[in-house]
Amino acid sequence: MNREEIIRLVSNKLRLIRTEAGYTQDKMAEIIGVSKKTLVQVEKGRVLAGWSTVVSICALFRETETVQFLFGNEPLEVLETVAREGIDYRRMKTFGGRIWWRVVSRKNGFVLQQNILSKHFRILDEKHYRIFSSFDEKHSKVRFKELTMND
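Conventions used here
- Residues numbered from 1 in each chain as written.
- Predicted model: local features only at pLDDT ≥ 70, side-chain atom pairs only at ≥ 80, totals over all residues.
- Heavy atoms only, no water.
- Helix = DSSP H or I, 4+ residues; strand = E, 2+ residues; numbered from the N terminus.
- Buried < 20%, exposed > 50% of the residue type's maximum accessible area, 1.4 Å probe, protein only.
- Contact = heavy atoms within 4.5 Å.
- Axes fitted to C-alpha atoms, helices over the stretch in contact; angles between N-to-C directions.
- Parallel < 35°, antiparallel > 145°, perpendicular 65-115°, else oblique.
- Core = buried A, V, L, I, M, F, W, Y, C linked by side-chain atoms within 4.5 Å.
- Salt bridge = Lys/Arg side-chain N within 4 Å of Asp/Glu carboxyl O.
- Pairing = 2+ DSSP bridges.

Enquirer: What is the right way to look at the overall build of the protein in this model?
Expert: A count of helices and strands for the protein gives seven helices and five strands. Listing each helix as α and each strand as β along the protein from the N terminus yields α-α-α-α-α-α-β-β-β-β-β-α. Expressed along its principal axes, the backbone C-alpha trace of the protein runs to roughly 60 × 25 × 20 Å. Across the 151 residues that make up the protein, the buried fraction comes to 44%. For the protein, restricting intrachain contacts to residue pairs at least 6 apart in sequence, the fraction spanning at least 24 positions comes to 54%.

Below, the structure written as structure tokens:
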């Protein structure tokens, strides 16, 4: 998944996100910081939302079923991984991947998981803190191997 794919996905679902949240076009435009005209153009599929607008939508409406369906239970992790082209050692507590994740590898208290929707990878420590995230499978496996090497 990359910026363009995320922009397309969110732009195509903007009307549904707005409706699910119970906002008028006027109110939604105000909340996400665009003109009503721009919002209407995006909802009608005439233009795509910008990256910053998409980030705002995912951050402000991350609890909606539509955003959850697009990115799983941690949409901001997906956005952060794409924006930073992978992240390493930003410790963030997670729920351990009980719903949206499949285990790729488990060793020495670490677990390498892949999100079933976005397809990005992450490494959690024994307390379910995310310490690495990337869309690059090879890089993720190399990092997992480095972390799980016996001293």
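Once you've had a look at it, read on.
Enquirer: Where do I start with the packing of helix 2 (residues 25–32) against helix 3 (residues 36–43) in this structure?
Expert: When two helices pack together, their arrangement is captured by the angle between the axes and the distance separating the axes. Contact geometry of helix 2 with helix 3 gives a least axis separation of 9 Å together with a crossing angle of 105°. By the angle between their directions, the pair helix 2 and helix 3 is classed as roughly perpendicular. Judged by residue contacts, Q25, D26, M28, A29 and I32 of helix 2 engage K36, L39, V40 and E43 from helix 3.

Enquirer: Just to check I follow, could you spell out the nonpolar core for this structure?
Expert: Buried together is how nonpolar side chains tend to be arranged in soluble globular proteins. I6, V10, I17, L39, V54, I57 and F71 are the most contacted members of the largest nonpolar core, which has 23 residues in total. Of all the secondary structure elements, the ones that give two or more residues to this core are helix 1 (3–21), helix 2, helix 3, helix 4 (51–60), helix 5 (65–71) and helix 6 (75–83). In terms of residues, this core owes the most to one element, helix 1, which gives five residues. Residues in contact with I6, not counting those within four places in the same chain, are M1, W51, V54, F71, V78, L79 and V82. Listed in part, the eight residues of the second largest apolar core include L112, I123, F132 and F144.

Enquirer: Whenever I open this one, the pattern of salt bridges confuses me. Can you help?
Expert: Side chains that differ in charge, positive against negative, can pair when their charged atoms come close. For the structure on display, the rule yields nine salt bridges. For R130, the salt bridge identified is with E80, shortest N-O distance 3.4 Å. Taken together, the residues R130 in strand 5 (residues 129–134) and E80 in helix 6 connect sequence positions 50 residues apart. Neither R130 nor E80 differs from the other in exposure class; each is buried. One salt-bridge network, in which partners are shared between bridges, spans E77, E80, R122 and R130.

Enquirer: Would you mind going over the pairing of strand 3 (residues 110–115) with me for this structure?
Expert: Where a strand is regular, its side chains alternate between the two sheet faces. Counting buried positions over the six residues of strand 3 gives six, a clear majority of the element. Here six bridges tie strand 2 (residues 101–107) to strand 3, and the two strands are oriented antiparallel to one another. Its bridge partner being in strand 3, S105 is matched across the sheet by L112. Here strand 2 folds back onto strand 3, and the loop between the two strands holds two residues, one of which, N108, carries a positive phi near 50°. Alignment of strand 3 against strand 4 (residues 121–124), held across four bridges, turns out to be antiparallel. Note on strand 4: the bridge partner recorded for L112 is I123.

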